[in-house]
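Each chain, written out:
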Amino acid sequence: VIYQVLADKVIHDPVDYSLQGTDAISLLNLPKEIYDRPLFQHPPLFVYSISLVKIFLGPKGIVLLPILAIVFTAFLIFLIGKELYDENTALLASFLFSLCPIALHTSTKIWIDPLLTMFCSLTVYLSLQAAKRQSLIWYILSGASLGLAILTKSPAVAIIPVILYILFKNGFSLKIFGRF
């Protein structure tokens, strides 16, 4: 309900990213010291995403966002597994993720976590590609994906050490600036 109210507010006024002035705080019995602020506590990418989905597919269409995010995450896990190991290992990893109770549960709710998981997985995959290809465009894509993950939910910064390990494991060269 909170995210749906926020989505409705930003559809009408894209800079009004808060629950202030809505009945949601009192109806849901939310603590005012947390929710009655001029800016909502999480970064805005998820709310703006469900706003766009709501505009194009209607209110019932927003349930597709977490479902598609988890499906795409399973595909990204396959690609990561294939990159690191082999196709059989990649299929097994993707299959095991598809049975994960947390992924199944969050994909049926309008929650931030599926989108966060998708962007973190995308960042890992793009970082693996950047390290493999040593091409500036892959580094840029990896950084953009990391930025989207952080704009989804701030704990995404926790994957930065993993990304740095991937990028610097085989050495980093400034020669990449000459190749796209």
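So, a few notes on the structure that sits alongside this text. Counting restarts for each chain, with residues numbered from 1 along the sequence as it is written. Given that the model is predicted, a residue must reach a pLDDT of at least 70 before its local features are reported, and side-chain atom pairs must reach 80 or more before they are shown or counted; all residues, however, enter totals for whole chains, interfaces and linings. Water and hydrogen atoms play no part in the side-chain values, which are based on all heavy atoms of the structure.

1. Things to note about the overall build of the chain
Piece 1. Secondary structure elements follow DSSP: runs of H or I no shorter than four residues count as helices, runs of E no shorter than two count as strands, and numbering proceeds from the N terminus. Within the chain, the secondary structure is distributed over 10 helices and zero strands.
Piece 2. Counting from the amino terminus, helix and strand elements in the chain follow one another as α-α-α-α-α-α-α-α-α-α.
Piece 3. Across its three principal axes, the chain shows a C-alpha extent of roughly 55 × 35 × 30 Å.
Piece 4. Burial here depends on accessible area, computed with a 1.4 Å probe over protein chains only, as a share of the maximum for the residue type. Under 20% is buried, over 50% is exposed, and the range in between is partly exposed. In the chain, buried positions account for 46% of the 180 residues.
Piece 5. In what follows, residue pairs with any heavy atoms lying within 4.5 Å of each other are defined as contacts. When contacts within the chain are restricted to residue pairs at least 6 apart in sequence, those whose partners lie at least 24 apart make up 62%.
Piece 6. To measure how exposed things are, a 1.4 Å probe is used in the Shrake-Rupley method; for residues, cover is taken only from the protein chains shown. As presented, the chain carries roughly 10300 Å² of accessible surface, and 68% of it is formed by carbon and sulfur atoms.
Piece 7. Within this scheme the basic residues Lys and Arg register as positive and the acidic residues Asp and Glu register as negative, but His and the chain ends are omitted. Note that the charge is assigned to NZ on lysines, CZ on arginines, CG on aspartates and CD on glutamates. The average position of the 13 basic charges and that of the 10 acidic charges among the side chains of the chain differ by 9 Å.

2. Some words on the packing of aromatic side chains
Piece 1. Aromatic contacts are taken between Phe, Tyr and Trp rings whose centres are within 6.5 Å, Trp giving its six-membered ring; a plane angle under 30 degrees counts as stacked, one over 60 as edge-to-face, and the others as tilted. In the structure shown here, the tally under the stated rule is six aromatic pairs.
Piece 2. Judged by centre distance (5.2 Å) and plane angle (80°), the ring pair of Tyr3 and Phe46 falls under edge-to-face. Placement of Tyr3 in helix H1 (residues 2-12) and of Phe46 in helix H4 (residues 45-57) is noted, with a sequence separation of 43 residues between them. Neither Tyr3 nor Phe46 differs from the other in exposure class; each is buried.
Piece 3. Arranged with centres 6.2 Å apart and planes meeting at 35°, the rings of Phe72 and Phe75 form a pair that is tilted. Separated by three residues within a single helix, Phe72 and Phe75 lie in helix H5 (residues 64-84), roughly one turn from each other.
Piece 4. Taken together, Tyr3, Tyr17, Tyr35, Phe40, Phe46 and Tyr48 form an aromatic cluster joined through their ring pairs.

3. Comments concerning the pattern of salt bridges
Piece 1. Counted as salt bridges are all cases of a side-chain nitrogen of Lys or Arg within 4 Å of a carboxyl oxygen of Asp or Glu. A full pass over the atoms with the stated rule returns four salt bridges.
Piece 2. With its nearest N and O atoms 2.4 Å apart, the salt bridge here joins Lys54 to Asp8. One end of the pair, Lys54, is in helix H4; the other, Asp8, is in helix H1, with 46 residues separating them in the sequence.
Piece 3. According to the relative accessible area criterion, Lys54 is buried, its value standing at 15%.

4. Quick word on unusual backbone geometry
Among all residues save glycine, negative phi is the norm, and among peptide bonds the norm is trans.
Piece 1. Positive phi, close to 55°, is recorded for Asn29, a residue that is not glycine.
Piece 2. A positive phi angle is found at Gln134, which is not glycine, with a value near 50°.
Piece 3. Tracing the backbone through its elements, the reader meets Gln134 in the loop between helix H8 (113-133) and helix H9 (136-152).
Piece 4. Judged by relative accessible area, Gln134 falls into the buried class, the value being 15%.

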